[in-house]
Amino acid sequence: MLPFKLIYSDDCYLPIGAHVFPAEKYRRIHDRLLQVGVAEASDFVTPQPASDADILLVHTPQYVHKLKTGTLSAREELELEVPYSPELVRAFWMAAGGSILAADYALQNRVAFNIGGGFHHAFPDHGEGFCMIHDVAVAIRRMQRDEKITRAMTVDCDVHQGNGTAVIFAGMRAPVGPLPSTSASTLASPAATKPRTKFSGDVFTISLHQENNYPMWKPPSSIDVDLPDEIGDDDYLAWLDNALSSGLRQFDPDLICYVAGADPYREDQLGGLSLSIEGLKRRDELVFKVALAREIPVMVTFAGGYAQKVEDTVTIHCNTVIAASEAFAAP
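It should be emphasised that the depicted structure is a prediction, and the values quoted were computed from it without experimental measurement.

A. Structural detail: the overall build of the chain. Summing up its helical and strand segments, the chain has 10 helices and 10 strands in all. Here the chain has a C-alpha radius of gyration of 18 Å; the compact-globule value for 331 residues is 20 Å, and the two agree. Structurally, the chain occupies a C-alpha span of about 55 × 45 × 40 Å along its principal axes. For the chain, the exposed area adds up to about 12,800 Å²; of that, 52% sits on carbon and sulfur atoms. Charge centroids of the chain, computed over 28 positive and 43 negative side chains, lie 3 Å from each other.

The following block contains the structure:
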């Protein structure tokens, strides 16, 4: 038995047909974890869909109405980049319910996973980039509304910048100092890798992503690390370590929401970084190690992953669960 819960439902399957987003990955992750003995059936918890009131903590009434009534404009459907259907709306409401439940369990058990979620390109009034509803933002605002947390930090390691996250949690911004310097042998040169730092309100947002990739417009997170093409394991991990250290010097969160995208992988179809499968597991280990050292609960969502071989994406996501099981195992 795992020392934490995995939130999963078959109803989180995104009915989008043939698509670069491998909608079947959630079921495959669930099945793989059981097959290899990482998890038992009792480790999985089935969520309920988020309520409309939960969704409205983040999204505008007009946008929610359009989603519920199927009245998106042609342009709004095009921006989603997934085919609209009432079934898809239900799947996104379920994903948001999964992240709410995962956040709740993380506060109890130090860590919890939503096998799905991480739809960080959704904005309050529209969706983009395969993302209809911002489940992580909904979970944070629900935890705050219920007075279970006051402050949260998002750590987004998807290859694509979390533009929706940055906008939702923008608030009032005040400039802070640059990321701490590290030896040239450890980090890529400053000219090649661009950290951008700003502080915002009750949620501190960190995004570590490929600069030359979607989205074209990257609104400022609290910390953005704009990585050059083809960056590898060691440089990536050094920049992540730097960003976490800098962020946690400035901000003391009650909860970390870790967006553990699989798409920094070197064989990803929509990414241009060069991380190995082992390097991605080291990334996960680093996030969990930092959270454990500071006794900060972690809610994990899986976000993107578009490897040429779907099984590689499944392996990367399963490794995140394995990394947590090793980090949070009882002493």
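B. Looking closely at the nonpolar core. One finds L6, F113, M132, I133 and F288 to be the most contacted residues of the largest nonpolar core, which totals 107 residues. Examining the composition of this core, we find that 12 residues originate from one element, helix α5 (residues 86-109), more than from any other. When residues no more than four places from it in sequence are discounted, the contact partners of L6 are L33, A39, D43, F44, V45, F113, I115 and V321.

C. Broad picture of the confidence of the model for the chain. Across the chain, the average pLDDT comes to 90, with 90% of residues at or above 70. Note that pLDDT drops below 50 for residues 172-177; the model gives that stretch 17 contacts with residues more than four away or on any other chain. Within the model, the stretch residues 179-186 combines pLDDT values under 50 with 16 contacts to residues more than four positions away or in other chains.

D. Here's a closer look at helix α8 (residues 233-250). If you check α8, its first and last C-alpha atoms are 26 Å apart, about what 18 residues at 1.5 Å a residue would give, namely 26 Å. For α8, the complete set of buried residues consists of D233, Y236, L237, A238, W239, L240, N242, A243, L244, S246, G247 and L248.

E. Region of the structure containing the layout of surface pockets. Of the pockets and cavities examined, the largest pocket occupies roughly 220 Å³. Along the walls of the largest pocket sit 14 residues, with P86, E87, V89, R90 and A91 positioned nearest its centre. Elements with a contribution of two residues or more to the lining of the largest pocket: α3 (61-69) and α5. When residues of the lining of the largest pocket are assigned to their parent elements, the largest contribution, seven residues, is made by α5. Its residues placed into classes, the lining of the largest pocket shows 10 nonpolar, no polar and four charged.

F. Highlighting the pairing of strand β7 (residues 203-210). Counted residue by residue, β7 has eight buried out of eight residues, so it is predominantly covered. Here five bridges tie strand β4 (residues 152-156) to β7, and the two strands are oriented parallel to one another. Opposite D156, over in β7, you have S207 as the bridge partner.

G. Focus on the packing of α8 against helix α9 (residues 277-294). In contact at an axis separation of 10 Å, α8 and α9 are set at 20° when each is read in the N-to-C sense. Relative to α9, the element α8 lies roughly parallel. As α8 packs across α9, the resulting crossing turns out to be right-handed. Contacts between α8 and α9 involve D233, D234, Y236, L237, L240, D241, L244 and L248 on the former and, on the latter, G279, R282, R283, L286, V287, V290 and R294. Taken together, the residues that form the contact of α8 with α9 break down as eight nonpolar, one polar and six charged.

H. Representation of the packing of aromatic side chains within the structure. As enumerated under the stated definition, the model contains 12 aromatic pairs in all. Ring geometry for F21 and F130: centres 6.2 Å apart, planes at 75°, overall edge-to-face. Separated by 109 residues along the polypeptide, F21 in the loop between β1 (5-7) and α1 (25-35) and F130 in the loop between β3 (111-114) and α6 (135-145) bring together distant segments of the chain. The same class applies to F21 and to F130, which are both buried. Here the aromatic cluster, defined as three or more aromatic residues joined through ring pairs, consists of F4, F113, Y258, F288, F302 and F328.

I. The arrangement of the environment of L6 in detail. Within the secondary structure layout, L6 lies in strand β1. Judged by relative accessible area, which is 0%, L6 ranks as buried. Through-space distance from the C-alpha of L6 to that of I115 is 6.6 Å; in sequence the pair is 109 residues apart.

J. Region of interest: the pattern of salt bridges. The final tally for this structure, using the stated rule, is 17 salt bridges. Note that D54 and R142 form a salt bridge whose closest N and O atoms lie 3.1 Å from each other. Placement of the pair is D54 in helix α2 (residues 52-55) and R142 in helix α6, with a sequence separation of 88 residues. Across the pair E326 and K281 runs a salt bridge, and its minimum N-O distance is 3.3 Å.

K. Here's a closer look at the environment of V138. Looking at the element boundaries, V138 is found in helix α6. Judged by its relative accessible area of 0%, V138 is buried. Separated by 85 residues in the primary sequence, V138 and A53 have C-alpha atoms spaced 9.9 Å apart. Discounting chain neighbours no more than four positions away, the residues touching V138 are D54, I55, V58, H59, A96, I100 and I133.

Scoring rules and cut-offs
Residue indices follow the written sequence of each chain, beginning from 1 at its first position. Only residues with pLDDT of 70 or above have their local features reported here, since the model is predicted, and side-chain atom pairs are shown and tallied only from 80 upward, although totals for entire chains, interfaces and linings are computed over all residues. The basis for the side-chain values is all heavy atoms of the structure; hydrogens and waters are excluded. Think of it this way: any DSSP run of H or I at least four residues long counts as a helix, any run of E at least two long counts as a strand, and we number them from the N terminus. The globule rule is 2.2 Å times the number of residues to the power 0.38, and the radius of gyration it is compared with is taken over C-alpha atoms. Each accessible area value is a Shrake-Rupley result obtained with a 1.4 Å probe; residue values ignore everything except the protein chains displayed when judging cover. By the counting rule applied here, Lys and Arg register as positive and Asp and Glu as negative, while His and the ends of each chain are not counted. Taken as the charge centre is NZ of Lys, CZ of Arg, CG of Asp or CD of Glu, depending on the residue. Think of a nonpolar core as a cluster: buried Ala, Val, Leu, Ile, Met, Phe, Trp, Tyr and Cys residues, connected wherever their side-chain atoms sit within 4.5 Å. Classification of residues uses two cut-offs on accessible area relative to the type maximum, computed with a 1.4 Å probe and protein chains only: under 20% is buried, over 50% is exposed, and between them is partly exposed. Should any heavy atoms of two residues lie within 4.5 Å, those residues are considered in contact. Note on scores: pLDDT gives the predictor's confidence for each residue, bounded by 0 and 100. Each helix should span, by expectation, one fewer than its residue count multiplied by 1.5 Å. A pocket here means an open set of points on a 1 Å grid, computed over the protein atoms alone, that has protein on both sides within 12 Å along at least five of seven lines. A cavity is instead a set of points where a 1.4 Å probe fits but cannot get out; residues with an atom within 4 Å of a point line either one. Grid points are joined across faces, edges and corners, and a volume is the space filled by probe spheres set on the points. Residue type decides the class: Asp, Glu, Lys and Arg count as charged, Ala, Val, Leu, Ile, Met, Phe, Trp, Tyr, Cys and Pro as nonpolar, and the leftover types, Gly among them, as polar. In short, DSSP must find at least two bridges between two strands for them to pair. In this analysis an axis means a line fitted to C-alpha atoms, helices contributing only their contacting stretch, and an angle means the value between N-to-C directions, from 0 to 180 degrees. Comment on the angle field: the value is read as roughly parallel under 35 degrees, roughly antiparallel over 145, roughly perpendicular from 65 to 115, and oblique elsewhere. Crossings are sorted by hand: turned counterclockwise from the far helix by less than a right angle, the near helix makes the crossing left-handed, and turned clockwise it makes it right-handed. Pairing of aromatic rings covers Phe, Tyr and the six-membered ring of Trp, with a centre-to-centre limit of 6.5 Å; geometry is then stacked below 30 degrees between planes, edge-to-face above 60, and tilted otherwise. Here a salt bridge means any side-chain nitrogen of Lys or Arg lying within 4 Å of a carboxyl oxygen belonging to Asp or Glu.

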